[in-house]
Amino acid sequence: SIHENENLKRLPESFGNIQGLEKLYLYECFLETLPKLFGNLKTLKELDLRGNNLTDLPESFGSLESLTSLDLDDNLFTEFPRALLGLKNLEYLRIGNSYQSTERRCNLKEIPDDIDKMESLVDIDVMKTDITDLPISLRNIKTLETVNAKNSNIDKIRKKELEKKLGIEIFL
């Protein structure tokens, strides 16, 4: 676990060669980028990258086949990172702004229509983002139970429509 290290900014490219790593906590480290071979961490199950300065993820990120829990809150995303769509076993995704944050760092405006490629999702948290709607394709994810969109731009009327169409609980 490494946190609150403002000198880190980036990890060495060789970081992706670490064997047997299951949990990794790199929060509030001011990371601006991840190594291209980050996706080689095949045994990684739990990853906490909240509070960094990430704007995108390397293409290899979608190869993290064991990853089940991912926290990307409080990063600088303006678009949903396409590499996430390769995470077939991911169950829990946080990609918004945490309840503790006083500023909106993550400015996501939408979740992509092909989010259903992430077929194991149980919970998605997009709290405090600029999202105004959710894709209907979420209903194709049979394991999905909840979407936390508190303090997003989804209005209460749309919330009720989406809950009915998607068959899940949405928190505003």
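In this text the structure is predicted, and so the values were computed from the model without any measurement. Chains are numbered independently. Their residues run from 1 in the order of the written sequence. Whole-chain, interface and lining totals are the exception, using all residues; otherwise, since this is a predicted model, local features are given only for residues with pLDDT of at least 70 and side-chain atom pairs are given and counted only at 80 or more. Hydrogens are left out, water is left out, and the side-chain values use all remaining heavy atoms of the structure.

Draft legend 1. Up close: unusual backbone geometry. Although it is not a glycine, Asp74 adopts a positive phi angle of roughly 60 degrees. Comment: elements are numbered from the N terminus, with helices defined as DSSP H or I runs of at least four residues and strands as E runs of at least two. Among the structural elements, Asp74 can be located in the loop between strand 4 (69-71) and strand 5 (92-94). Working definition: with a 1.4 Å probe on protein chains only, accessible area under 20% of the residue-type maximum means buried, over 50% means exposed, and in between means partly exposed. Overall, the relative accessible area of 9% leaves Asp74 in the buried class. Positioned with a positive phi, Lys128 is a non-glycine residue whose angle comes to about 60 degrees. Tracing the sequence through the fold places Lys128 in the loop between strand 6 (123-125) and strand 7 (146-148). Accessibility expressed as a relative area gives 15% for Lys128, which makes it buried.

Draft legend 2. Geometry of the layout of surface pockets. Only protein atoms enter the 1 Å grid used here. Points where a 1.4 Å probe fits but cannot escape make up a cavity, open sets with protein on both sides within 12 Å along at least five of seven lines make up a pocket, and a residue lines them when an atom lies within 4 Å of a point. Grid points are joined across faces, edges and corners, and a volume is the space filled by probe spheres set on the points. By volume, the largest pocket is sized at about 270 Å³. Along the walls of the largest pocket sit 14 residues, with Glu28, Gly51, Asp74, Ser98 and Ser101 positioned nearest its centre. Under the grouping applied here, Gly and all other residues not named as nonpolar or charged are polar, the nonpolar ones being Ala, Val, Leu, Ile, Met, Phe, Trp, Tyr, Cys and Pro and the charged ones Asp, Glu, Lys and Arg. Along the lines of polarity and charge, the residues of the lining of the largest pocket split into 1 nonpolar, 5 polar and 8 charged. Here the second largest pocket is characterised by a volume of approximately 230 Å³. Taken together, Thr55, Asp56, Leu57, Thr78, Glu79, Phe80, Pro81, Arg82, Ala83, Lys109, Glu110 and Pro112 form the lining of the second largest pocket. Looking at the lining of the second largest pocket, its residues break down into 5 nonpolar, 2 polar and 5 charged.

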